[in-house]
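Descriptive structure summary
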Amino acid sequence: MTTRETARSLDDAMPGLTYRDLSVALGLIASGPDHRAMIPYLVSALREQAPYLTGQMTMFEILRSANCLADIGSQGTPDG
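A brief structural summary. Keep in mind the model is a prediction, meaning the values are calculated, not measured.

Analysis parameters
Residues numbered from 1 in each chain as written. Predicted model: local features only at pLDDT ≥ 70, side-chain atom pairs only at ≥ 80, totals over all residues. Heavy atoms only, no water. Salt bridge = Lys/Arg side-chain N within 4 Å of Asp/Glu carboxyl O. Helix = DSSP H or I, 4+ residues; strand = E, 2+ residues; numbered from the N terminus. Core = buried A, V, L, I, M, F, W, Y, C linked by side-chain atoms within 4.5 Å. Buried < 20%, exposed > 50% of the residue type's maximum accessible area, 1.4 Å probe, protein only. Contact = heavy atoms within 4.5 Å. Axes fitted to C-alpha atoms, helices over the stretch in contact; angles between N-to-C directions. Left-handed = near helix turned anticlockwise from the far one by under 90°. Nonpolar A, V, L, I, M, F, W, Y, C, P; charged D, E, K, R; others polar.

Turning our attention to the pattern of salt bridges. In the structure shown here, the tally under the stated rule is one salt bridge. For the salt bridge of R64 with E61, the shortest nitrogen-to-oxygen distance reads 2.6 Å. In this pair, R64 and E61 both sit in helix 4 (residues 55-70), three residues apart, roughly one turn of the helix.

As structure tokens, this is what we get:
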């Protein structure tokens, strides 16, 4: 086998993901109970939008939701 045959391609398909899997993963990322309470609404909205989105846009929405739930930018106030 050559290196080319054994190397994994970026075009390989990712493992399947259910909306339940997504909910669980977002729950692990959420920064607190208020953010965890938002998960069902975010997943429901994504589920409604997904048929109209490309795979890349669906992934973008998942990542954007995860970023918001993690509350990455709120570690402190700029003036505090």
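There's plenty left to go through after this.
Time to look at the nonpolar core. If you look at the biggest cluster of nonpolar residues, it comprises nine residues: L22, L26, A30, I39, V43, L46, I62, A66 and L69. Going through the elements one at a time, helix 2 (19-29), helix 3 (33-49) and helix 4 are the ones with two or more residues in this core. If we ignore the near neighbours within four places in the chain, the residues touching I62 are L17, L22 and L46.

The subject of this paragraph is the packing of helix 2 against helix 3. Following both chains from N to C, one finds helix 2 and helix 3 inclined at 145°, their axes separated by 10 Å at the closest point. Judged by the sense of rotation from one axis to the other, the crossing of helix 2 with helix 3 is right-handed. Contacts between helix 2 and helix 3 involve Y19, L22, S23, L26 and G27 from the former and R36, I39, V43, L46 and R47 from the latter. For the contact of helix 2 with helix 3, the per-class residue count stands at six nonpolar, two polar and two charged.

Right, let's talk about the side chain of H35 for a bit. With respect to the helices and strands, H35 occurs in helix 3. Using a relative accessible area of 17% as the deciding quantity, one classes H35 as buried. Those residues within four positions of H35 in sequence are excluded, and the remaining contacts are A30, C68, L69 and D71.

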